[in-house]
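Chain by chain, the residues run as shown.
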Amino acid sequence: MASFSSNLRTVEEIFKDYSARRAGIVRALTDDVDEFYGLCDPEKENLCLYGHPNETWEVNLPAEEVPPELPEPALGINFARDGMNRRDWLSLIAVHSDCWLLSVSFYLGARLNRNERKRLFSLVNDLPTVFEVVTERKPVRDQPNADSGNKSRGSTKRYSDGQVKSNPKLAEESYEEDEDEHSETLCGSCGGKYSADEFWIGCDICERWYHGKCVKITPAKAENIKQYKCPSCMKRGRQ
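No experiment lies behind these values; they were computed from the predicted model shown.

K.L.:
Got a minute to help me understand the nonpolar core in this structure?
P.N.:
Among the nonpolar cores identified, the biggest contains 33 residues, and L29, F36, L49 and V130 are the most heavily contacted of them. Setting aside its immediate chain neighbours within four residues, L49 contacts I25, A28, L29, F36, W57, E58, V59, P73, I77, I93 and S97. Grouped together as the second largest cluster of nonpolar side chains are 16 residues, W209, A222, I225 and C233 included.

K.L.:
Would you explain helix α4 (residues 114-125) in this entry?
P.N.:
For an α-helix, 3.6 residues make a turn, and residues three or four places apart therefore share a direction. Taking 1.5 Å of rise per residue, the twelve residues of α4 would be expected to cover 16 Å, and the 16 Å separating its terminal C-alpha atoms lies within 8% of that figure. Structurally, the start of α4 carries an N-cap: the backbone nitrogen of N115 is 3.1 Å from a side-chain oxygen of N113.

K.L.:
Can you help me understand the pairing of strand β1 (residues 48-51) in this one?
P.N.:
Look at any regular strand and the pattern is simple: side chains alternate between the two faces of the sheet. Residues of β1 alternate between two faces, with C48 and Y50 on one and L49 and G51 on the opposite face, all of them buried. The pairing of β1 with strand β2 (residues 57-60) spans four bridges and is classified as antiparallel. Among the inter-strand pairings, Y50 is bridged to a residue of β2, identified as E58. In this structure, the hairpin formed by β1 and β2 is closed by a connection of five residues, where E55 is found at a positive phi of approximately 70°.

K.L.:
What am I meant to see in the environment of F15 here?
P.N.:
By the secondary structure assignment, F15 is in helix α1 (residues 11-29). Here F15 falls in the buried class, since its relative accessible area comes to 11%. Between the C-alpha atoms of F15 and F121, which are 106 residues apart in sequence, the distance is 8.9 Å.

K.L.:
Could you clarify how one ought to interpret the pattern of salt bridges in this entry?
P.N.:
In total, this model carries five salt bridges according to the counting rule given. The partner of R119 in a salt bridge is E12, and the shortest N-O contact between them spans 2.5 Å. In this pair, R119 is assigned in helix α4 and E12 in helix α1, connecting sequence segments 107 residues apart. Using a relative accessible area of 45% as the deciding quantity, one classes E12 as partly exposed. Salt-bridge contacts for K213 lead to E198; the nearest nitrogen and oxygen are separated by 3.3 Å. Of this pair, K213 sits in the loop between β4 (209-211) and α6 (219-222) while E198 is found in the loop between α5 (130-135) and β3 (200-202), placing the two residues 15 residues apart along the sequence. We classify E198 as partly exposed; its relative accessible area is 25%.

Conventions adopted
Residues numbered from 1 in each chain as written. Predicted model: local features only at pLDDT ≥ 70, side-chain atom pairs only at ≥ 80, totals over all residues. Heavy atoms only, no water. Core = buried A, V, L, I, M, F, W, Y, C linked by side-chain atoms within 4.5 Å. Buried < 20%, exposed > 50% of the residue type's maximum accessible area, 1.4 Å probe, protein only. Contact = heavy atoms within 4.5 Å. Helix = DSSP H or I, 4+ residues; strand = E, 2+ residues; numbered from the N terminus. Expected span 1.5 Å × (residues − 1). Polar contact = N/O pair within 3.5 Å; in protein donor to acceptor, adjacent residues only side chain to side chain. Pairing = 2+ DSSP bridges. Salt bridge = Lys/Arg side-chain N within 4 Å of Asp/Glu carboxyl O.

Written as structure tokens, this is what we have:
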């Protein structure tokens, strides 16, 4: 069963717990997959996959006490082992494991305030999901969307190579691109369509997106801008 420490108080401590449990589960579904597969005997009772804070994993029965000390993983993962394609079975367990990891983190973070919970999720979201690792899928980048309503648009200013400024950990990842999905995103200055090979910057006030060249902002200059106001918003602000 999942081990639990009541001493976790800060965002960093809870994220460290999340990362370690995630590492254990990833190992079970990748490096140790043959061992994991063998332990999930369909003839046994309901089994769960646990990740532990020491980066180990365990296949075991669920907790007997109700309610359990921590949220429980998906029950009975062993029953479908021989009735599904192995890869699909592992992918399904990966999805449920992602859900469990999030539920444990936010259970531990129940006493965090709003900003701390937001920061915790941001840290978690910077890591590829277990599902992405197991299926070898590359995370798809967020694209500028004038209608998204994201008030922290300034934190997603883009470089010409499409990397996300607020996610340095993801800079080493390569991403898939879907131009058609974002073909309706237009530059607020010239009206040109979004292109992944050009630098764009989002206004934190009106949330419209602009070619960097149209508003005379370079990637280097964007590094030093905490809140970007487009020319239209700057003009309205002076009125």
